[in-house]
Amino acid sequence: LLDGERHLYHSVVASELLLKAKQVPELIIVAITNSEGMRQRNLNTESESFTLFLSRELITFVDNNYRTTDSNTLFGHSLAGFYTVNLLANTPGVFVNYIAASPPLDGDDIELYNKIVAPNNVNEIRKKKLYFTLGSKTEEGEDITNAMNNFVKLLGESSPQGFDWHYEFLDGDTHITTPYLTLFEGIRYVFKK
């Protein structure tokens with residue numbers, strides 16, 4: 001969980017409810033705290049260093065110290081949601097599942113799509129799952145909504161075979177309410193089989 005200080009409690013509740021309903025396996029939840037100053041740095045200006053931390057240190061530590069499977073999942077909201085989609089497009093080997101709530105793709109939709117369908121990424125992307133959402137146009141803004149709609153259109157027209165993605169437009173929801181619904185439905189979606 002990116003922004004773990006905001007999302008730990010509701011993710012624990014969601015995973016417990018879905019586990020009892022036999023809709024997800026038992027989950028290990030790792031909440032990464034991003035203080036306001038570190039958030040911008042980790043998810044934007046120094047995102048490459050942060051990605052190295054995730055892949056070389058955090059995931060390695062969890063895999064070496066806990067019973068894990070190959071179904072590691074990244075969740076992010078807002079800027080962290082953008083980081084999540086961007087990580088899938090640029091470094092798809094880090095996680096298997098990607099869940100993004102209200103990622104502001106404004107101006108980056110075509111570039112991200114082109115990286116997802118790039119020949120050097122296709123084999124890795126085929127094994128991935130992406131669940132992502134956006135709140136109402138009034139709440140998220142016209143530019144962000146248009147960029148998301150274009151991204152979804154491009155994926156719908158052509159995406160790598162086997163790439164399992166689902167977009168949910170959360171009409172009536174605000175930017176602040178989307179992470180709760182997205183995480184709940186997202187973990188149910190990525191673990192549906």
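Keep in mind that this is a model prediction, so the values were computed, not measured.

Undergrad: When you look at the overall build of the chain in this model, what are you seeing that I'm missing?
TA: Broken down by element type, the chain carries 9 helices and 4 strands. Scanning the chain from its N terminus toward the C terminus, one meets helices and strands in the order α-α-α-β-α-β-α-α-β-α-α-β-α. Relative to its length of 193 residues, the chain is compact, with a C-alpha radius of gyration of 16 Å against a globular reference of 16 Å. For the chain, the spread of C-alpha atoms along the three principal axes comes to 40 × 40 × 40 Å. Expressed as a percentage of its 193 residues, the buried residues of the chain come to 47%. At a minimum sequence separation of 6, the contacts of the chain that also span at least 24 residues come to 75%. Within the structure as shown, the chain displays about 9,900 Å² of accessible surface, and the carbon and sulfur contribution to it stands at 51%. Taking the average place of the 17 positive charges on the side chains of the chain and the average place of its 25 negative ones, the gap between the two points comes to 9 Å.

Undergrad: Looking at this structure, I do not really get the pairing of strand 3 (residues 129-135). What am I missing?
TA: Both faces of the sheet carry side chains from a regular strand, because those side chains alternate between them. In terms of burial, strand 3 is largely enclosed, as 7 of its 7 residues are buried. Pairing of strand 2 (residues 97-101) with strand 3 involves 5 bridges; the strand directions are parallel. When the sheet's bridge partners are listed, Ala 100 is paired in strand 3 with Phe 132.

Undergrad: Even after reading the chapter, I still don't get the nonpolar core, so can you show me in this structure?
TA: Nonpolar side chains in soluble globular proteins generally cluster together in the buried interior. Within the largest apolar cluster, 38 residues are counted, with the highest numbers of intra-cluster contacts made by Phe 132 and Phe 151. Within the residue set of this core, elements represented by two or more residues are helix 3 (47-65), helix 4 (79-90), strand 2, helix 5 (109-116), strand 3 and helix 8 (142-157). The dominant element in this core, judged by the number of residues it contributes, is helix 4, at 8 residues. The contacts of Phe 151, once residues within four sequence positions are left out, are Val 85, Leu 105, Asp 109, Leu 112, Tyr 113, Ile 116 and Phe 132. Grouped together as the second largest cluster of nonpolar side chains are 13 residues, Leu 18, Ile 187, Tyr 189 and Phe 191 included.

Undergrad: What's the story with a nonpolar patch on the surface in this structure? I'm lost.
TA: Where nonpolar side chains cluster on the molecular surface, the patch consists of Tyr 9, Val 13 and Leu 17 and spans about 330 Å² of accessible area. Inspection of the secondary structure puts Val 13 in helix 1 (residues 4-20).

Undergrad: What am I meant to see in the pattern of salt bridges here?
TA: Pairing between side chains becomes possible if they bear opposite charge and their charged atoms approach one another. On inspection of all chains with the given rule, the structure shows 6 salt bridges. Its salt-bridge partner being Lys 115, residue Glu 111 comes within 3.1 Å of it at the nearest N-O pair. Of the two residues, Glu 111 and Lys 115 are both situated in helix 5; the distance of 4 residues between them amounts to about one turn of the helix. Taking relative accessible area as the criterion, Lys 115 reaches 27% and is therefore assigned partly exposed. In this structure, Arg 188 engages Glu 185 in a salt bridge whose closest nitrogen and oxygen atoms are separated by 2.7 Å. In this pair, Arg 188 and Glu 185 both sit in helix 9 (residues 178-190), 3 residues apart, roughly one turn of the helix. With a relative accessible area of 26%, Arg 188 lands in the partly exposed category. Glu 185 gets classed as partly exposed once you look at its relative accessible area, which sits at 31%.

Undergrad: Honestly, the packing of helix 5 against helix 8 in this entry has me stumped. Any pointers?
TA: Between two packed helices, what matters for the description is the angle formed by their axes and the separation of those axes. Relative orientation of the contacting elements helix 5 and helix 8 amounts to 25 degrees, with a least axis distance of 9 Å. With respect to each other, helix 5 and helix 8 are oriented roughly parallel. Every pair of crossing elements has a handedness; the one defined by helix 5 and helix 8 is right-handed. Of the residues in helix 8, those touching helix 5 at Asp 109, Ile 110, Leu 112, Tyr 113 and Ile 116 are Ala 147, Asn 150, Phe 151, Leu 154 and Leu 155. Considered class by class, the residues forming the contact of helix 5 with helix 8 number 8 nonpolar, 1 polar and 1 charged.

Rules behind the numbers
Residues numbered from 1 in each chain as written. Predicted model: local features only at pLDDT ≥ 70, side-chain atom pairs only at ≥ 80, totals over all residues. Heavy atoms only, no water. Helix = DSSP H or I, 4+ residues; strand = E, 2+ residues; numbered from the N terminus. Rg over C-alpha atoms; globule rule 2.2 N^0.38 Å. Buried < 20%, exposed > 50% of the residue type's maximum accessible area, 1.4 Å probe, protein only. Contact = heavy atoms within 4.5 Å. Areas by Shrake-Rupley, 256 points an atom, 1.4 Å probe, with all protein chains shown as cover. Lys, Arg positive; Asp, Glu negative; His and termini not counted. Charge placed at Lys NZ, Arg CZ, Asp CG, Glu CD. Pairing = 2+ DSSP bridges. Core = buried A, V, L, I, M, F, W, Y, C linked by side-chain atoms within 4.5 Å. Patch = residues over 30% accessible without salt bridge, like charges linked within 9 Å, V, L, I, M, F, W, Y side chains within 5 Å. Salt bridge = Lys/Arg side-chain N within 4 Å of Asp/Glu carboxyl O. Axes fitted to C-alpha atoms, helices over the stretch in contact; angles between N-to-C directions. Parallel < 35°, antiparallel > 145°, perpendicular 65-115°, else oblique. Left-handed = near helix turned anticlockwise from the far one by under 90°. Nonpolar A, V, L, I, M, F, W, Y, C, P; charged D, E, K, R; others polar.

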